[in-house]
Amino acid sequence: MSSRSEPEILMPGRDFPRSRTRVGLQWFSDENLDLLAHVLDDWFRLPGTSIRFGLDGIIGLVPGLGDVLAGLASCIIIIAAWFRGVPYVALIRMVVNLGIDVLVGAIPFIGDAFDIAWKANRRNYALMVRHLNQPRVHTWKDYIFLVCMAAALVAIFVAPLVVIVWFVGRLFNPV
């Protein structure tokens, strides 16, 4: 009698979790994370308009501390994505989305309007779901986005150096 090992057959359309830990599936379910993104980004509606905003926009009205607290609440989605096994390319993109939200959101009034329009939590939740449903599929947009953000960071750090060198050059060699 031969005991042959049969290959495992995976049923199409069935969700097979790739969580890094058991915590990822227990605490960070799709329903909980979708609700969190909804509460933070579009829980309320301005009467008579289609403009929606959430606690992120309201908390952001508190100068200084508000955007930091909203950013910390938004980190829950990124942490959940890591626990649930989202690839690192998507995690970096999620962190950049949140960083843009927090940095621009720190600008008084303009930043609050940006928070309402940007909806970083909705973006991050959609990225997480996309990468969980299609593992190991990174679009060219993911890489282009990361390259553009890296170029922007380099420009932010190099531009002041160029201006300082130019200014010092003009100071010691006036024309």
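Residues numbered from 1 in each chain as written. Predicted model: local features only at pLDDT ≥ 70, side-chain atom pairs only at ≥ 80, totals over all residues. Heavy atoms only, no water.

1. Considerations on unusual backbone geometry
The phi torsion at F109 lies on the positive side, around 65°, for a residue other than glycine. Following the sequence through the fold, F109 ends up in the loop between α5 (88-105) and α6 (110-118). Judged by its relative accessible area of 71%, F109 falls in the exposed class. Of note, the phi angle at K119 is positive, near 50°, even though the residue is not glycine. (Helix = DSSP H or I, 4+ residues; strand = E, 2+ residues; numbered from the N terminus. Buried < 20%, exposed > 50% of the residue type's maximum accessible area, 1.4 Å probe, protein only.)

2. Focus: the confidence of the model for the chain
Here the chain averages 81 in pLDDT, while 82% of its residues score no lower than 70. The low-confidence segment residues 10-17 (pLDDT under 50) makes three contacts with residues lying over four places distant or belonging to another chain. (pLDDT = per-residue confidence, 0-100. Contact = heavy atoms within 4.5 Å.)

3. Section: the nonpolar core
Ranked by size, the top nonpolar core spans 17 residues in total, and within it L33, A81, V86, L91, M94 and M128 carry the most contacts. For this core, the secondary-structure elements that each account for two or more residues are α2 (30-41), α4 (65-83), α5 and α7 (120-133). Ranked by the residues each element gives to this core, the list is headed by α4, at five residues. (Core = buried A, V, L, I, M, F, W, Y, C linked by side-chain atoms within 4.5 Å.)

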